[in-house]
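So you can see what is in the structure, the chains are spelled out below.
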Amino acid sequence: MQNSILRYTSPAKKWIHALPVGSGRLGGMLYGGAKKFYCQLNEVSLWSGAPFPNADKTDAYTHLDELRRAVNEERYQDAEEILDKHFTNNGGGFEGAYSCTYQTLGEMRFVSPSGGSRARGYRRELDMSRAVYSDEFSVGKAHFERKCFASAADDVIVLRFEGSEKGSVSLDISFTRRDIRRTEYTDSGFSFYGYCNNDDSHMKFAGECRLVPEGGEAFAGKKAVCVRNADALTVVFTAATDYILDESKNFKGGCPVEKCSEIIKKTTGKSYGELFAAHEKEYKPYYERCSLNVAEDTDKTVDELLDEAEKNGASAPLCELFFNYGRYLLISSSRPENILPANLQGIWCNEYEPPWHCDYHTNINVQMNYWHAYMTGLADCIEPFAKLICALPENGRKTAKAYYNAEGWTQYTITSPWLWTSPGWGGGWSQYPLGGAWLCRHLTELYYFTKDEELLKRFYPVIRENCLFNLDMLYEESDGTLLTNPATSPENRFRTDSGKTGWVCKGTAMDIEMLHDNFADFIFLSRVLETDEELRSRVEAAAKRLPPLKIGSAGQLCEWQGDWDLNAPEPHHRHVSHLYGLHPGSMISIVETPELAEACKKTLELRGDDGTGWSLAWKINFWARLRNGDRALKLLRRLLMPVSDGPVTRYTRGGGVYRNLFDAHPPFQIDGNFGAAAGICEMLLQSQAFDGVFVTDILPALPGEWDSGSFTGLHARGGLTVDAQWKNRRLTAAAVTASTDTPVKLFGEYTVEGADASFDGKYTVFNAEKGVRYILSLK
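These numbers were taken from a predicted model, which means no experiment stands behind them.

**Student:** Please explain the overall build of the protein chain as it appears in this structure.
**Tutor:** The number of helices and strands found in the protein chain is 18 helices and 37 strands. Taking 2.2 N^0.38 as the reference for a compact globule, 779 residues should give roughly 28 Å; the C-alpha atoms of the protein chain span a radius of gyration of 27 Å, in line with that estimate. In terms of overall dimensions, the protein chain has C-alpha extents of about 85 × 65 × 50 Å along its principal axes. Relative to its full complement of 779 residues, the protein chain shows a buried share of 63%. Accessible area for the protein chain stands at about 27,300 Å²; split by element, carbon and sulfur atoms hold 46% of it. One way to put it: in the protein chain the 86 positive side-chain charges average out to a point 4 Å from where the 104 negative ones average out.

**Student:** Sorry if this is basic, but what is going on with the packing of helix H4 (residues 272-287) against helix H6 (residues 316-333) here?
**Tutor:** For any two helices packed against each other, the geometry is given by the interaxial angle and the distance between the axes. Running from amino to carboxyl end, H4 crosses H6 at an angle of 135 degrees, the nearest separation of the two axes being 10 Å. If you check the angle between H4 and H6, you find them oblique. Taken as a pair, H4 and H6 cross one another with a handedness that is right-handed. Contact with H4, carried on its side by Tyr283, Tyr286 and Tyr287, involves Asn324, Arg327, Tyr328 and Ile331 of H6 and no other residues of that element. Counted by class, the contact of H4 with H6 contains five nonpolar, one polar and one charged residues.

**Student:** Help me out: how do you make sense of the packing of aromatic side chains in this one?
**Tutor:** For any pair of aromatic rings, the description rests on two quantities: the centre-to-centre distance and the angle between the ring planes. Summed over all chains, the structure comprises 52 aromatic pairs. Consider the rings of Phe87 and Tyr403, whose centres lie 6.2 Å apart with planes at 45 degrees: the pair is tilted. Taken together, the residues Phe87 in the loop between helix H2 (76-86) and strand E6 (101-102) and Tyr403 in helix H10 (residues 393-404) connect sequence positions 316 residues apart. A relative accessible area of 0% means that Tyr403 is categorised as buried. Measuring from ring centre to ring centre gives 4.0 Å for Phe175 and Phe192, while their planes differ by 10 degrees; the resulting arrangement is stacked. Separated by 17 residues along the polypeptide, Phe175 in strand E12 (residues 169-176) and Phe192 in strand E14 (residues 189-195) bring together distant segments of the chain. Grouping residues by exposure puts Phe175 and Phe192 together as buried. Through pairs of rings, three or more aromatic residues link up here, namely Trp15, Tyr283, Tyr287, Tyr325, Tyr328, Trp348, Phe662 and Phe668. Directly above the ring of Tyr286 sits Arg335, whose terminal nitrogen or CZ lies 4.8 Å from the centroid. Positioned above the aromatic ring of Phe747 is the side chain of Arg627, whose terminal nitrogen or guanidinium carbon lies 4.1 Å from the ring centre.

**Student:** Looking at this structure, how should I read the environment of Gln103?
**Tutor:** Tracing the backbone through its elements, the reader meets Gln103 in the loop between E6 and strand E7 (106-111). What makes Gln103 buried here is its relative accessible area of 0%. Through-space distance from the C-alpha of Gln103 to that of Ser45 is 9.0 Å; in sequence the pair is 58 residues apart. If we skip the residues at most four places from it in the chain, Gln103 touches Asn42, Leu46, Ser48, Arg177, Arg178, Asp179, Cys196, Asn197, Cys349, Glu351 and Tyr352.

**Student:** It is not clear to me how the pairing of strand E33 (residues 742-747) should be interpreted in this structure. Could you clarify?
**Tutor:** The side-chain alternation of E33 yields one buried face, formed by Thr742, Val744 and Leu746, and one unburied face, formed by Pro743, Lys745 and Phe747. Relative to strand E36 (residues 763-768), E33 runs antiparallel, the two being bridged by six bridges. Directly across from Thr742, in E36, lies its bridge partner Ala768.

**Student:** When you look at the pattern of salt bridges in this model, what are you seeing that I'm missing?
**Tutor:** Oppositely charged side chains can pair when the atoms bearing their charge come close. By the definition in use, this model includes 43 salt bridges. A salt bridge links Arg75 to Asp78; its shortest N-O distance comes to 2.9 Å. Residue classification places Asp78 among the partly exposed residues on the basis of a relative accessible area of 31%. Of the charged contacts, one joins Arg631 and Asp609 as a salt bridge, the two residues approaching to 3.0 Å between their closest N and O atoms. A residue pair is termed long-range when its members are at least 10 positions apart, and Arg631 in helix H17 (residues 629-639) and Asp609 in the loop between helix H15 (594-607) and helix H16 (613-625) qualify at 22 residues. Through salt bridges with shared partners, one network takes in Arg25, Glu43 and Asp155.

**Student:** What is the right way to read the sheet that holds E12 from this model?
**Tutor:** Sheets are built from strands paired through backbone hydrogen bonds, the pairs being either parallel or antiparallel. Sheet architecture is open: seven strands sit in the order E2-E3-E4-E7-E12-E17-E16, paired in antiparallel fashion. Strands at the two margins of the open sheet, each flanked by one partner only, are strand E2 (19-22) and strand E16 (217-220). Strand after strand, the sheet turns through a mean of 20 degrees between neighbouring axes, direction not considered. The pairing of E7 with E12 spans five bridges and is classified as antiparallel. Within the sheet, the bridge partner assigned to Phe110 lies in E12 and is Ile173.

**Student:** What exactly am I supposed to notice about unusual backbone geometry here?
**Tutor:** Keep in mind that most residues, glycine aside, have a negative phi and that most peptide bonds are trans. Looking along the chain, the bond that leaves His583 and enters Pro584 is cis, with omega of 5 degrees. Note that Pro584 resides in the loop between helix H14 (533-544) and H15. Positive phi outside glycine occurs at Arg627, with the angle close to 60 degrees. Judged by its relative accessible area of 29%, Arg627 is partly exposed. Phi at Arg729 takes a positive value of approximately 65 degrees, unusual for a residue other than glycine. Secondary-structure assignment places Arg729 in the loop between strand E31 (720-727) and strand E32 (730-738).

**Student:** Please explain the packing of H16 against H17 as it appears in this structure.
**Tutor:** Interaxial distance between H16 and H17 falls to 8 Å at its minimum, and their mutual angle equals 165 degrees. Regarding the angle of H16 to H17, the classification is roughly antiparallel. Considering only the axes of H16 and H17, their crossing is left-handed. Taken together, the residues of H17 that come into contact with H16 (itself represented by Gly613, Leu616, Ala617, Lys619, Ile620, Trp623 and Ala624) are Arg631, Ala632, Leu635, Leu636, Arg638 and Leu639. Classifying every residue of the contact of H16 with H17 gives nine nonpolar, one polar and three charged.

**Student:** Would you take a moment to explain the sheet that holds E31 for this structure?
**Tutor:** One open sheet holds the six strands; their spatial order is E19-E30-E31-E32-E37-E34, and the pairing between them is antiparallel. Edge positions in the open sheet fall to strand E19 (291-293) and strand E34 (750-752), since each of these has one partner strand only. The mean angle between the axes of side-by-side strands here comes to 25 degrees, regardless of whether they run parallel or antiparallel. Bridge count for E34 against strand E37 (residues 773-778) is three bridges, and the pairing is antiparallel. Each bridged residue has a counterpart across the sheet, and for Thr751 the counterpart in E37 is Ser777. Helix-sheet contacts for helix H18 (residues 671-684) involve E19, strand E30 (709-716) and E31, and the interaxial angle to E30 is about 105 degrees.

**Student:** Hey, could you run me through the environment of Ala678 in this one?
**Tutor:** Note that Ala678 resides in helix H18. For Ala678 and Val752, which are 74 residues apart along the polypeptide, the C-alpha to C-alpha distance reads 28 Å. Setting aside residues no more than four positions away along its own chain, Ala678 makes contact with Trp371, His372, Met375 and Asn621.

**Student:** Quick question: what am I supposed to make of the side chain of Gln367 here?
**Tutor:** Looking at where Gln367 falls in the secondary structure, it is placed in helix H7 (residues 365-368). The exposure class of Gln367 is buried, given its relative accessible area of 0%.

**Student:** Can you walk me through the environment of Glu753 in this structure?
**Tutor:** Checked against the element boundaries, Glu753 lands in the loop between E34 and strand E35 (758-759). Look at Glu753 and you get exposed, because its relative accessible area is 52%. Distance in space between the C-alpha atoms of Glu753 and Tyr774 is 6.0 Å, their sequence separation being 21 residues. Beyond its immediate chain neighbours, meaning those up to four positions away, Glu753 contacts Tyr774 and Ile775.

Thresholds, definitions, all that
Residues numbered from 1 in each chain as written. Predicted model: local features only at pLDDT ≥ 70, side-chain atom pairs only at ≥ 80, totals over all residues. Heavy atoms only, no water. Helix = DSSP H or I, 4+ residues; strand = E, 2+ residues; numbered from the N terminus. Rg over C-alpha atoms; globule rule 2.2 N^0.38 Å. Buried < 20%, exposed > 50% of the residue type's maximum accessible area, 1.4 Å probe, protein only. Areas by Shrake-Rupley, 256 points an atom, 1.4 Å probe, with all protein chains shown as cover. Lys, Arg positive; Asp, Glu negative; His and termini not counted. Charge placed at Lys NZ, Arg CZ, Asp CG, Glu CD. Axes fitted to C-alpha atoms, helices over the stretch in contact; angles between N-to-C directions. Parallel < 35°, antiparallel > 145°, perpendicular 65-115°, else oblique. Left-handed = near helix turned anticlockwise from the far one by under 90°. Contact = heavy atoms within 4.5 Å. Nonpolar A, V, L, I, M, F, W, Y, C, P; charged D, E, K, R; others polar. Phe/Tyr/Trp six-rings, centres within 6.5 Å; stacked < 30°, edge-to-face > 60°. Lys NZ or Arg CZ within 6 Å of the ring centre and 35° of its normal. Pairing = 2+ DSSP bridges. Salt bridge = Lys/Arg side-chain N within 4 Å of Asp/Glu carboxyl O.

Structural data, given as structure tokens:
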């Protein structure tokens, strides 16, 4: 598949230059280098910390009336003080109740005892079509090649070292991590175990490595395994923890040392070729589910492509490469069998205390991780995310009762492997009780994209119970309107016309849009399952009483209850949460609600085109939904600007990519990679659910510079798979295949081979049979 290789002509000097491999559960970052070859390692469930079952302030709800009075009387500072005092969690932040963090597993080091500093012709690359890292160089007469892949088939990371001259492979192999209890080196490999932060009450981890030299000898040193004069060397590594996603067992599930031993034992006797063949057979079907062709294949290095982007804007080959990278990273960090989903950095993290705990933020970030999964045919890779969501209600019920005395379950801004559902420890960022609603939207989307009723039956109780909370937490205004009070717009602040500032008010636009989708989804899904008629009636009645969205004096969509956007303390804030209804939500559409869509356009113009990495990615999606492909491409090019390597954290501007194409917030956050891939999908294919009817739009926001091209295997809501070709910006061929017998509604006028299609002046409608490929022609 074209534009699927990241190429470089020098080793990585820093972690943000290294190249990632991943099996979903295991991750590795390869630096390359002739004399020293490092592989930094991760295991998806390796977290410090422990469960904190008493995180909720159980009497918080008794202060709810006082809080609402303060909001109603526009005493916003008083409302903030009440929230910070009574509506935070019961144990604090980084050093308190929420002290857990995702961590690096450690680093495998391969050092040549004979040098390598005079290496010639160094090259390294990551072939995403096969999920294999490789590098090569020459020293003297010998030519060396190394390869690495993370195999989900065998649950291991495999490295291969080869030299062209007999006996030319000699290496000292070691492992390092700060809190290991024991490391044992033998002539056949090494093993280790330990506890996070050297605390026996924390998670236990272990790893095991088997070395298979061809020729030469291997012997154990004090701090390394030494291989001398081999013709080739195969290294097989695995790791595990004692974590399981089961709170009833205190999240403990078996000895990681035994798990590693069993995994390595199953690989014994398998050659490198057999291991690679099994890996490739398992991986390629994921990667080949969809394709994009908007450029010629390039053999330029990533550094060359980024240098060009900095001068002239990202080229089409770089955009296509970045799209494929987004798919590769998700496949590599979130396989169906994962025990946990991709976090803020996927599975790749080289720190013990990474930014923002490297956790799951539910006010945009973890959701953005999975936007493109639906559209690129990777719905099964969402399974770890779905499992985490379905595990939250038990704690979420306690949180709903503690803070709102409400039925159902909720989730605030952050969560972790310990199923945290409580608020954070202070400030507006921590007050987002509709995190659960946004999570449930992803369960609904799985059904919308697959039309799999077994999935729906599994998820429906979780969605239903969250809808109960959203009903119960609403506040009734004197005119009968139902809205959220208190309410925030994630992480942003307002300034009223009278100069009052704050982050808490009532009835924010994002809350209205989120509840619109939550209620509409429940109504539709309950009808599909023919259940909950009484509750459905309650939800329908409540939905009609939600306040309308407002358009402000500048023509913008109002973020707050007042027309305060032009007074904003941060007019270019990274969060554009009040446009949730445009994307990824379904309340706003350029076709169905053109006035609101125009207001969203004005909002984006006021916010500007700069921002953090993930914010830029979201804006690509917004502009695509507004059918402005050229503006979406402009944002994509802005995101593909190389950034400096410094560890600076920025919240306003400076987003881009590092030299390994990891998204830079900065620092690294993988949601920008994933969100950009989703944005490219939205430029080429869109689908939305309006009152249970799915509408599909082919080539809705095609940039002028992508005047000819094609895609295969993109997915649309309603269980559709779509292929398309275009030339001179006009669709020349398209095909639609449905996963079930279903009505299909396409924007525009088409002829449909093999179906009786009708056109109502806006949409082409026909009934599709499961598995039949319908050929479309644009009239």
